[in-house]
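Coordinates in review
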Amino acid sequence: MTARDAVAELVAQWTRLPELVGPGWSTLRPRALEQIGLLASATTDAERRRGVGKLLRLFLPHPRVGALLAGPAARDPRRTPEGEPDDTAELSELCRQLAAAPYEQWISAVFEGHPPGEPFEAGRVHTLAFTVDRHDHPFAFATAQLDLAPAAGEDSAMLDVTLHGDPDAVTIRPVRTRLTVHRNVPASVPEAASAVFEVTPRRTDRPVVLMARFTRGAARVSQVLRLTLRPAGPVEQSALLPPLTTGDGEGPDISITLMSAGGGHQLCVQDRTGAAFAPLPHGVTELSSKVREVRRGLGQLLGGPGGRVYATSLTIPKDVYQQGLRTLAQHGVDFFRALFRAPGGSEDLRKLGDMLLHAVDEAEKGATPPPRIEIVSDELCLPWHLMYIADRYREDELTPTRLLGLGSRVTLVPLSSGQRHRPPEACGSLDTLRALLAVNSDIDRPGTDRPRTLVSGQLDYWRGRLANRAETLYESEEVTRALVGPREPDALWYFYCHLEEGEDQPSEDTRMVLTGDRRLWLRRVRNTAPYEEPLSGAPLVVLNTCESAPPWPVRRAGFPPYFLAKGARGVVCTEAKVPMEFGTEWARRFFDRLLAGVPLGTALHQVSHELLTEHHNLLGLLYTAHGDSGMLLVRQPSATPARQP
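Residues numbered from 1 in each chain as written. Predicted model: local features only at pLDDT ≥ 70, side-chain atom pairs only at ≥ 80, totals over all residues. Heavy atoms only, no water.

With that settled, the discussion passes to the overall build of the protein chain. Counting its secondary structure elements, the protein chain contains 18 helices and 23 strands. Across the 645 residues of the protein chain, 56% fall into the buried class. Taking as baseline every contact in the protein chain between residues at least 6 positions apart, the subset at least 24 positions apart corresponds to 74%. Approximately 26,100 Å² of the protein chain is accessible, and the part contributed by carbon and sulfur atoms is 49%. (Helix = DSSP H or I, 4+ residues; strand = E, 2+ residues; numbered from the N terminus. Buried < 20%, exposed > 50% of the residue type's maximum accessible area, 1.4 Å probe, protein only. Contact = heavy atoms within 4.5 Å. Areas by Shrake-Rupley, 256 points an atom, 1.4 Å probe, with all protein chains shown as cover.)

Right, here's the structure in full:
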């Protein structure tokens, strides 16, 4: 085995290493990253070979990794039919690819003819080309970048590339907007394989932030690349990838990308006609205040005179419903204006709001179906579905369909840049689906004057649907063991219990309260079951608890980001306190659809709309999904469910 063989194999297997190493991965990974950093900075092949030897000494004691590294040369597909080695990839290039592997930076952005480190001149045209790194190890690309790999049976795929930047800081002219992805990169890739843009900085007194979006099939975002052009010359590049899921094939009508850069936040909105880009005129502290206000509007539905009706009856009296709608609309309009009509906001920011206004207006007039909206965000997790799309509050024209979560199908797609698991396809048959249920049985009161059997009723539901393939856990210690140890893969993890928030935000003192008043502390479980060790089966996690969505808009703490980091395919969480009786009714309606093959976003939207139209009940807005809206829990039947409002 040569050093080149070993590095190529590690590049190919990087995303499987947490599984192959097992529980020791969280300890091994930082040591491996340190050695990989030294390896990437080596200047001679002799130094690189010595570095590879040190790296292998870290991995070889782990049997499953050692077996892969023991003889890749024997099955190295980088050999020609005549058996001669193909030396197109130098060791230095493979070491660079290995250094990129943990951070998933597989698309290269290069300013042609611009020496690295040289300052960018204002007013001068610079040619920016996007290319795909050339892996001569054919499994490296397919393993590390599944969402960009060609479909089965195809040798290549086409990506549509769009480049955005603050119009006050940069002018962008597209030259070629298609990027070709090859399954096995040929010896010479034609020039047309690259996407090319002409970039002209208009000012160089501060960093210029560019955002490239790569889409394929149905306009689904496959990758987002952030480029920061520093005044002194360095170009910083980071790649952000949404989770891979099995979708329904339909792309969003509107795609919103929110990205942090240079101490601020850049916002891009793209519809079927084009895109606009602008920075947000708010810092994190100011945005946090606005997020608390709009979520407070949702929480107020459960308080005040008559608000308690929501806890005991599915159907809401008309006066209570109208008051709730007024409350939500007032807070929602303020939120819309804060983002798109803020004093000091640019004209481009107003255009972004106009795109949302136009989509909602057209749907309200019946000219188009309710829009599908996908929000992709690398840091901020804003409650978009609570936004009321209107320039100002008009009480005589209130309609719930102008609330984004009721008039549209909205899902939040979290981006990640660092170590993260890429879940495989988990969409299977209902006959083989497995689920884990974690419940607080103390919620039931079977022997009281007012008996309550909410937990047992839900367990009966799952026994009827999955028989013995639904495992029930009652205590926090059982859940911790399930999070830590390898287990038979589950397609779904469902929590029905209480949740308590920590006093400070952001806080890792969040805890779930399970049977026997035993608590599952986030702070502790992050240590005993770190995110480096993925959940078996990449399950959908549904948190039917109180306020499981982190109240702090930056995803620094909370159970949803924890489960996503552990490889969950998606997380459904709650924005406010959930009445227990309502939670059980919502769950039945939601899971009936999900188990029938309805996509995640459609199932959430259908339940919310059904509760609204049949019961004047707005509480479907309590639930939001983090993950691809097209995700399926089980395979759809031959007839795809019709798109419903």
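That shown, we press on.
If you trace the four strands from one edge of the open sheet to the other, you get E1-E2-E6-E4, paired in antiparallel fashion. Of all strands in the sheet, those bounded by a partner on one side alone are strand E1 (107–112) and strand E4 (170–176). Put simply, the sheet's adjacent strands are angled 25° from each other on average, direction ignored. Note: strand E2 (residues 126–132) against strand E6 (residues 195–201), five bridges, orientation antiparallel. Note on E6: the bridge partner recorded for Leu128 is Phe197. (Pairing = 2+ DSSP bridges. Axes fitted to C-alpha atoms, helices over the stretch in contact; angles between N-to-C directions.)

A few words now on the packing of helix H1 (residues 3–13) against helix H4 (residues 45–59). Between H1 and H4, the shortest axis-to-axis distance is 10 Å and the interhelical angle comes to 50°. Between H1 and H4, the angle is such that the two are oblique. For H1 against H4, the interelement crossing comes out left-handed. Of the residues in H4, those touching H1 at Ala3, Ala6, Val7 and Leu10 are Arg49, Val52, Leu55, Leu56 and Phe59. Partitioned by chemical class, the residues of the contact of H1 with H4 number eight nonpolar, no polar and one charged. (Parallel < 35°, antiparallel > 145°, perpendicular 65-115°, else oblique. Left-handed = near helix turned anticlockwise from the far one by under 90°. Nonpolar A, V, L, I, M, F, W, Y, C, P; charged D, E, K, R; others polar.)

Residues separated by three or four positions in an α-helix point in the same direction, a consequence of the helix having 3.6 residues per turn. For helix H11 (residues 347–364), with 18 residues, the first-to-last C-alpha span of 25 Å sits near the 26 Å given by 1.5 Å per residue. For H11, the set of buried residues is Asp348, Leu349, Leu352, Gly353, Met355, Leu356, Leu357, Ala359, Val360, Glu362 and Ala363. Tucked inside the fold, the buried residues of H11 contact strand E10 (254–261), strand E11 (264–270), strand E12 (275–279), helix H10 (318–340), strand E13 (372–377) and helix H12 (404–407). Of the residues one or two after H11, Gly366 is the one with positive phi, at around 85°. (Expected span 1.5 Å × (residues − 1).)

So, on to the packing of H10 against H11. In contact at an axis separation of 8 Å, H10 and H11 are set at 140° when each is read in the N-to-C sense. What the angle tells us is that H10 and H11 run oblique. Only Leu349, Arg350, Leu352, Gly353, Leu356 and Leu357 of H11 make contact with H10, whose side of the interface consists of Phe336, Leu339 and Phe340. Considered class by class, the residues forming the contact of H10 with H11 number seven nonpolar, one polar and one charged.

Bringing the packing of aromatic side chains into the picture now. Across all of its chains, the model carries 16 aromatic pairs by this definition. Seen in terms of ring centroids, Phe495 and Phe563 are 5.6 Å apart; in terms of plane orientation they differ by 45°. Their pairing is tilted. In this pair, Phe495 sits in strand E17 (residues 492–496) while Phe563 sits in helix H16 (residues 559–565), placing the two residues 68 residues apart along the sequence. Residue Phe563 is classed as buried on the basis of its relative accessible area, which comes to 0%. Ring plane angle 0° and centroid distance 3.7 Å describe the contact between Trp586 and Tyr623, whose orientation is recorded as stacked. With Trp586 in helix H17 (residues 580–594) and Tyr623 in strand E23 (residues 623–626), the pair connects residues that are 37 residues apart, well separated along the chain. Looking at Tyr623, the relative accessible area reads 5%, which means it is buried. (Phe/Tyr/Trp six-rings, centres within 6.5 Å; stacked < 30°, edge-to-face > 60°.)

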